[in-house]
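# Examination of the molecular architecture
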2 protein chains.
Amino acid sequence: MNDEIFTKHSLKRTHSRIEILSVLEKSQSPLTAEEIFKLLRKRDVDLSTIYRTLNSFVDANIIKKEINNNKENIFSIIKEEDKHILVCTKCHKRVEIAGCPYHEANEKIEQETGFLINDHTTEIYGICPDCQKIKL
Amino acid sequence: MNDEIFTKHSLKRTHSRIEILSVLEKSQSPLTAEEIFKLLRKRDVDLSTIYRTLNSFVDANIIKKEINNNKENIFSIIKEEDKHILVCTKCHKRVEIAGCPYHEANEKIEQETGFLINDHTTEIYGICPDCQKIKL
DNA sequence: ATGCAAATGCAAATCGTTTGCATTTATATA
DNA sequence: TATATAAATGCAAACGATTTGCATTTGCAT
């Protein structure tokens, strides 16, 4: 299954990592480390391994860590639709960024306001590092 | 000074709270509880009080709690420019929301990409709770 | 000025997370 | 396919940020 994701970040394709990633992929909402632990069928993965794995995944930009309304640390897969575009207003270069937290942010807003959010801007305007170097 | 903010949330206007709020307001960037503790001039406020106060402020929607790149919990004032508008695509009602995390999110993006962000959409489109109740 | 609930300081407890170490496992190479 | 080696894991112990209990103090309404 999800083979590349491991090799891509030079992470070994181990039982624990496959299971943890699978749990996160199947989940509709972000999970705490403890929840992942409980969801792992036989609980055959040690909690410390879960924490180590989650940290690896965060560092590899595969998942992101946030705080929920209950002040717990939660983890969730960075999905394709979470990716946004940075547009340089000078050279018009377009750069894709991963792990943009807007999606999460919007979920929070939905929870807090009862709104059903359909859309939001996915382009962010600014000046890229290259153009910042050019004097005017 | 900032009198209403306390009465508004029925929080007593105490020395600790005034000091902590002041530190957060003066700070250009989000702070950890420990940093706030160290910034308090005479460190005359107990760490436990700082934590209790920060929790009160978060609950009262005066500040927000997030995770920085170093995986520490950080707190920052919810500023006016952090507020965004929810626009209902059915009834065109406009609702202001406080504590929208886009601003923080953008700061993170700036750090990670080197981009200087100038602008982003402040209107979010969806369906408000009232319109969700109306059958079509 | 008085009373009372809320807030505080202090010390101790809690609990989510990390770490050390011996053992196991995945992957590269012969 | 067998072998070597670094990486990953489980377990138990440690850690440290945050919370809590309790006696005392403080803010605020009356």
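Structure: above.
These lines cover the structure that appears in this document, whether it is placed above or below. Everything numeric here is computed off the predicted structure, so don't read it as measured data. (Residues numbered from 1 in each chain as written. Chains lettered and ligands numbered in written order. Predicted model: local features only at pLDDT ≥ 70, side-chain atom pairs only at ≥ 80, totals over all residues. Heavy atoms only, no water.)

### Notes on the overall build of chain A
As a reminder of what qualifies: Strands are runs of DSSP state E lasting at least 2 residues, helices are runs of H or I lasting at least 4, and numbering of each runs from the N terminus.
Each helix and strand counted, chain A has six helices and six strands in total. Each helix (α) and strand (β) of chain A, taken in turn from the N terminus, gives the series α-α-α-α-β-β-β-β-α-β-β-α.

### Here's the deal with the protein's contact with DNA strand D
Condition: The nearness test applies per residue and asks whether one of its heavy atoms lies within 4 Å of the molecule or strand. For this analysis, a polar contact is any N or O atom pair within 3.5 Å, provided that within protein one partner can donate a hydrogen and the other can accept it, and provided that sequence-adjacent residues contribute only side-chain to side-chain pairs. Amino acid classes used here: Ala, Val, Leu, Ile, Met, Phe, Trp, Tyr, Cys and Pro are nonpolar; Asp, Glu, Lys and Arg are charged; the rest, including Gly, are polar.
The full set close to DNA strand D counts 18 residues, and T14, R17 and T49 of chain A together with Y51 and N73 of chain B are the nearest of them. For DNA strand D, the backbone makes up 69% of the atoms found within 4 Å of the protein, where backbone means sugar plus phosphate. N55 of chain B places a side-chain nitrogen or oxygen 3.1 Å from a phosphate oxygen of DNA strand D. Counting only elements with at least two residues in the surface near DNA strand D, the list comes to α2 (15-26) and α4 (47-59) of chain A together with α4 (47-59) of chain B. In terms of residue class, the surface near DNA strand D is built from two nonpolar, eight polar and eight charged.

### Things to note about the packing of α2 of chain A against α4 of chain A
Residue and element names in this part refer to chain A. The test is simple: Fitted lines through C-alpha atoms give the axes, limited to the stretch in contact for helices. The angle between two N-to-C directions lies from 0 to 180 degrees. Put simply, angles under 35 degrees are roughly parallel, angles over 145 are roughly antiparallel, angles from 65 to 115 are roughly perpendicular, and the rest are oblique. Whether two residues are in contact is decided by their heavy atoms: any pair within 4.5 Å suffices.
For the pair α2 and α4, interaxial distance at closest approach is 10 Å and the crossing angle is 70°. The angle between the axes of α2 and α4 places the two elements in the roughly perpendicular class. Facing α2, whose interface residues are S16, R17, I20, L21 and L24, α4 presents T49, I50, T53, L54, S56 and F57. In terms of residue class, the contact of α2 with α4 is made up of six nonpolar, four polar and one charged.

### Here's the deal with the protein's contact with DNA strand C
If you check the shell around DNA strand C, you find 18 residues, and the closest are Y51 and N73 of chain A together with T14, R17 and T49 of chain B. Within the contact set of DNA strand C, a phosphate oxygen lies 2.9 Å away from a backbone nitrogen or oxygen of R13 of chain A. Here D44 of chain B contributes a backbone N or O atom positioned 2.9 Å from a phosphate oxygen of DNA strand C. Among the secondary structure elements, those contributing two or more residues to the surface near DNA strand C are α4 of chain A together with α2 (15-26) and α4 of chain B. Grouping the amino acids of the surface near DNA strand C by side-chain chemistry returns two nonpolar, eight polar and eight charged.

### With respect to the nonpolar core
Heads up, the condition is: For our purposes a nonpolar core is just a set of buried Ala, Val, Leu, Ile, Met, Phe, Trp, Tyr and Cys residues, chained together by side-chain atoms within 4.5 Å. With a 1.4 Å probe rolled over the protein chains alone, any residue whose accessible area is under 20% of its type maximum counts as buried; one over 50% counts as exposed, and the rest are partly exposed.
Grouped together as the largest cluster of nonpolar side chains are 23 residues, with contacts concentrated most on I20, L24, I50, L54 and I63 of chain B. Here the element with the most residues in this core is α2 of chain B; it accounts for five residues. Ignoring any residue separated from it by four or fewer positions in sequence, one finds L24 of chain B in contact with L31, I36, L54, I63, F75, S76 and I77 of chain B. Counting residues in each nonpolar core, the second largest holds 22 residues, with F37, L40, I50 and I62 of chain A among its members.

### Comments concerning unusual backbone geometry
Notably, K71 of chain A is not glycine yet its phi reads approximately 65°, a positive angle. Along the chain, K71 of chain A falls in the loop between β1 (63-67) and β2 (73-77).

### Some remarks on α2 of chain A
All names here are of chain A. The criterion, for reference: Between the first and last residue of a helix there are one fewer steps than residues, each counted as 1.5 Å, and that sum is the expected span.
Taking 1.5 Å per residue as the helical rise, α2 with its 12 residues ought to reach 16 Å, and the 17 Å between its terminal C-alpha atoms agrees with that figure. Buried residues dominate α2, accounting for nine of its 12 residues. For α2, every residue scored as buried is listed here: S16, R17, I18, E19, I20, L21, S22, V23 and L24. Tucked inside the fold, the buried residues of α2 contact α1 (4-8), α3 (33-39), α4, β1 and β2.

### Looking at the environment of L24 of chain B
All names here are of chain B. Considering the arrangement of structural elements, one finds L24 in helix α2. A relative accessible area of 5% places L24 in the buried class. In the structure, L24 is positioned 51 residues away from F75 in sequence and 7.9 Å away in space, judged by C-alpha atoms.

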